[in-house]
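# Tertiary structure, described
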Amino acid sequence: MSETKIKITNLHKSFGKKVVLDGINLDVKKGESLVVIGGSGTGKSVLIKCIQGLLTPNEGSIIIDGKETVGANKKQQAEMHSKMGMLFQGGALFDSLTVWENVAFSLIENKKMPRKEAKKAAISVLRQVGLAADVADLYPSELSGGMQKRVGLARAVATKPEIIFFDEPTTGLDPIMADVINGLIVDSVKSLGATALTITHDMASVRKIADKIAMLYHGKIIWQGTVAELEKTDNEYVRQFINGSSHGPIKVEI
Amino acid sequence: MSNKIELFLRALGKPLVKFTMRLGELTLFIGRSIYNCITPPFYFKLMGRQFMDIGFYSLPVVGLTTIFAGMVIALQSYTGFARFGAESGVASVVLISVTRELAPALSGLMVAGRIGAAMAAEIGTMRVTEQIDALVTLSTNPFKYLVAPRIIAGIVVLPILVLIGDVIGIFGGYVVCVFKLGFNPANYINSTLQNLESLDIITGVVKAAVFGFIITLMGCYNGYKSKGGAQGVGEATTNAVVSASILILVFNYIITELFFAK
């Protein structure tokens, strides 16, 4: 049995009186690709931000590589972040920097790689995600949405991280471009041997990326299983979600 | 009756709690900013870019403001002094007004409008588009990368701007006195040099450094804490300029009191 890379126990997070995460328990094994599904506003982004230390949980434990990260100091957090990569929903590319400077950001700032060498490395990673070298000197605002996602992916994998987070990787893309991005995510994760945690509500993404799926509802993980189990499950919450039906136990507040 | 009292206390308490929280948040922000300004690593390249943005590109605005301020103070003091036959005091009044008050205060206010707003908008946009979160996930401290270079540049560059503003402002007074009011150029320059005191210049420079800190701090703080989308960034921009402008006027008085109160 492979070792646990991320272990989340009894995680709680509230904003004022609004309870967002209400006792999450979740394990992600090393090299596994876990996809967390759930409707909008169910706390998927909050969960990923808690794991990354961008938000502090009210209660609970997050252990990465055997080390507790809740309450970790700045140095420990920086060490933890050096093992991680993240593809943000909107790309979150630095618009004052060129594409290659975005991709090579961590190589230059943290690994102190000379700029010339870093540019070469960035162009090589850009090629891996299907972008030509002439894109390197453009600014993010000059790129299409799909190209920005690719650059975001290149930045996430440039430092060869052990854990990669994907926040709604296909949101805002057409189905064909979404499939291309999904394919690139699978290739990047497998070639690095990384552990991946994705949050999405795009079922095509789920079926392509996931080794394991967890469904978040009302701040709790209500179901976990593989893609094959997802198709066969009789959990009515999961069935309603994957069928995209407005009828069922999940009530949408209008 | 007790219900009304409760409602009144609630109405009073809610903004008070909010204000106290905001004050605490700002104090922590100032503490973190100062700590990150004085501890390595330093991003010199980013600091250089801020020197250009805050200093070099503000020169036309500061130059225009101070030259007209110097000109108007020459004209106003001449009309006043002429009633008592004390026209020779105009050069001295221009010198003191420009170096102690007009150059630092007007430059501060103009830079607050130009730079404070731009900083809040840039950092606010970075906040709402998750670029600040991205910095953290790339093991980079946003305070070191975004806040410290701006604050250091503000503290260093504004005094230089004010010194340049002093010269331009005094020149404005000279232009009006010599070309409009018929003063003797040599006498005017002599009178200016004789009345020049280092304390006047020092006061202006100290004020400028404090204003530089206030402008960049308010720009960074309001941008960093902005929430929501375009509306949040808009509010942050307005708050940055308004709060910096008010604080500049308040600290202008406090520093003047510290230097000159007997």
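Rules behind the numbers
- Residues numbered from 1 in each chain as written.
- Chains lettered and ligands numbered in written order.
- Predicted model: local features only at pLDDT ≥ 70, side-chain atom pairs only at ≥ 80, totals over all residues.
- Heavy atoms only, no water.
- Helix = DSSP H or I, 4+ residues; strand = E, 2+ residues; numbered from the N terminus.
- Buried < 20%, exposed > 50% of the residue type's maximum accessible area, 1.4 Å probe, protein only.
- Areas by Shrake-Rupley, 256 points an atom, 1.4 Å probe, with all protein chains shown as cover.
- Lys, Arg positive; Asp, Glu negative; His and termini not counted.
- Charge placed at Lys NZ, Arg CZ, Asp CG, Glu CD.
- Contact = heavy atoms within 4.5 Å.
- Salt bridge = Lys/Arg side-chain N within 4 Å of Asp/Glu carboxyl O.
- Nonpolar A, V, L, I, M, F, W, Y, C, P; charged D, E, K, R; others polar.
- Pairing = 2+ DSSP bridges.
- Axes fitted to C-alpha atoms, helices over the stretch in contact; angles between N-to-C directions.
- Parallel < 35°, antiparallel > 145°, perpendicular 65-115°, else oblique.
- Left-handed = near helix turned anticlockwise from the far one by under 90°.
- Domains from an automatic or database assignment.
- Buried area = accessible area lost by both parts, 1.4 Å probe.
- Polar contact = N/O pair within 3.5 Å; in protein donor to acceptor, adjacent residues only side chain to side chain.
- Phe/Tyr/Trp six-rings, centres within 6.5 Å; stacked < 30°, edge-to-face > 60°.
- Lys NZ or Arg CZ within 6 Å of the ring centre and 35° of its normal.

### Some details on the overall build of chain B
Summing up its helical and strand segments, chain B has nine helices and zero strands in all. Reading the helices (α) and strands (β) of chain B from amino to carboxyl end gives α-α-α-α-α-α-α-α-α. Overall, chain B is about 65 × 60 × 35 Å in size when its C-alpha atoms are taken along their principal axes. Buried residues in chain B amount to 45% of all 262 residues. Summed over its atoms, the accessible surface of chain B is roughly 13200 Å², and 71% of this surface lies on carbon and sulfur atoms. Seen as two clouds, the 19 positive and the 13 negative side-chain charges of chain B have centres 6 Å apart.

### Some details on the interface of chain A and chain B
Facing 24 residues of chain A, the contacting portion of chain B comprises 16 residues. Counting across the chain A and chain B interface gives two salt bridges. Between lysine 49 of chain A and glutamate 130 of chain B there is a salt bridge, with the nearest N and O atoms lying 3.4 Å from each other. Going through the elements one at a time, helix 2 (74-81), strand 6 (84-87) and helix 4 (105-109) of chain A are the ones with two or more residues in the side of chain A that touches chain B. Residues that form the side of chain A that touches chain B fall into these classes: 10 nonpolar, seven polar and seven charged.

### A look at the sheet that holds strand 2 (residues 18-29) of chain A
Residue and element names in this part refer to chain A. Taken together, the four strands give an open sheet; going across it, the order is 2-1-4-5, and neighbouring strands pair in antiparallel fashion. Each end of this open sheet is capped by a strand with a single partner; those strands are strand 2 and strand 5 (67-68). Pairing between strand 4 (residues 59-64) and strand 5: two bridges, direction antiparallel. Pairing of isoleucine 64 across the sheet is with lysine 67, part of strand 5. Contacts from helix 1 (residues 44-51) reach strand 1 (4-15), strand 2 and strand 4, with the element oriented near 120° to strand 1.

### A short note on the packing of helix 4 (residues 90-128) of chain B against helix 8 (residues 198-224) of chain B
Describing two packed helices takes the angle between their axes plus the distance from one axis to the other. Residue and element names in this part refer to chain B. Two elements in contact, helix 4 and helix 8, have axes separated by 7 Å at closest approach and are oriented at 15°. Of the possible angle classes, the one that applies to helix 4 and helix 8 is roughly parallel. For the crossing formed where helix 4 meets helix 8, the hand is right-handed. Looking at side-chain class alone, the contact of helix 4 with helix 8 contains 13 nonpolar, eight polar and five charged residues.

### Regarding the domain arrangement of chain A
All names here are of chain A. Assigned domains of chain A: these are domain 1 (1-83 + 162-254) and domain 2 (95-160). For domain 1 versus domain 2, the distance between C-alpha centres works out to 26 Å. Contact with domain 1, which involves 15 residues of that partner, is made by 10 residues of domain 2. Taking both partners together, domain 1 and domain 2 bury about 940 Å²; carbon and sulfur atoms supply 72% of that area. Summed over the three residues of domain 1 that lose the most area to domain 2, namely Ile181, Leu184 and Leu192, the buried surface amounts to 39% of that side. For the interface between domain 1 and domain 2, the tally reads zero salt bridges. The interface formed by domain 1 and domain 2 holds two residue pairs in polar contact (both at pLDDT 80 or more) in total. When residues of the side of domain 1 that touches domain 2 are traced back to their parent elements, those giving at least two are strand 7 (163-167) and helix 7 (175-192). In terms of residue count, helix 7 provides more of the side of domain 1 that touches domain 2 than any other element does, seven residues in total. Across the side of domain 1 that touches domain 2, the residue classes break down as 10 nonpolar, three polar and two charged.

### Regarding the packing of helix 6 (residues 145-157) of chain A against helix 7 of chain A
Residues and elements named next belong to chain A. Two numbers describe how helix 6 lies on helix 7: the axes approach to 11 Å, and their chain directions differ by 10°. Here helix 7 runs roughly parallel to helix 6, going by the angle between their axes. Where helix 6 abuts helix 7, its residues Gly146, Lys149, Arg150, Leu153 and Val157 lie against Met177, Val180, Ile181, Leu184, Ile185, Ser188 and Leu192. Classifying every residue of the contact of helix 6 with helix 7 by side-chain character gives eight nonpolar, two polar and two charged.

### What about the environment of glycine 38 of chain A?
In this structure, glycine 38 of chain A sits in the loop between strand 3 (33-37) and helix 1. What glycine 38 of chain A contacts, discounting residues up to four positions off in sequence, is Lys44, Thr200, His201, Leu216 and Phe241 of chain A.

### Concerning the pattern of salt bridges
All names here are of chain A. A full pass over the atoms with the stated rule returns 19 salt bridges over all chains. With a closest N to O distance of 3.0 Å, aspartate 137 and lysine 119 form a salt bridge. With aspartate 137 in the loop between helix 5 (115-128) and helix 6 and lysine 119 in helix 5, the pair connects residues that are 18 residues apart, well separated along the chain. Residue aspartate 137 is classed as partly exposed on the basis of its relative accessible area, which comes to 46%.

### Quick notes on the packing of aromatic side chains
Counted by the stated rule, this structure contains 15 aromatic pairs over all chains. On the numbers, 5.1 Å between centres and 45° between planes, the contact of tyrosine 217 of chain A with tyrosine 237 of chain A is tilted. Of this pair, tyrosine 217 of chain A sits in strand 9 (residues 212-217) while tyrosine 237 of chain A sits in helix 10 (residues 236-243); the two residues are 20 residues apart in sequence, bridging distant segments of the chain. In this structure tyrosine 217 of chain A comes out as buried when scored by relative accessible area, which is 14%. Between phenylalanine 183 of chain B and tyrosine 188 of chain B the ring centres are 6.2 Å apart and the planes differ by 70°, which places this aromatic pair in the edge-to-face class. By the burial criterion, phenylalanine 183 of chain B is buried, and tyrosine 188 of chain B matches it. Of the aromatic side chains, those joined through ring pairs into one cluster are Tyr78, Phe171, Tyr174, Phe183 and Tyr188 of chain B. Above the ring of phenylalanine 15 of chain A, the side-chain terminus of lysine 13 of chain A is found at 5.1 Å from the ring centroid. Stacked on the ring of phenylalanine 260 of chain B, the Lys or Arg arginine 100 of chain B has its end atom at 3.9 Å from the ring centre.

### Looking at the environment of aspartate 27 of chain A
All names here are of chain A. Structurally, the position occupied by aspartate 27 is in strand 2. Considered as a pair, aspartate 27 and isoleucine 8 are 19 residues apart in the sequence and their alpha carbons are 6.2 Å apart. Each residue touching aspartate 27, except ones within four places of it in the same chain, is listed here: Thr4, Ile6, Lys7, Ile8, Glu32 and Lys212. Within the local environment of aspartate 27, its side chain forms a polar contact with the side chain of lysine 7, the two groups lying 3.3 Å apart.

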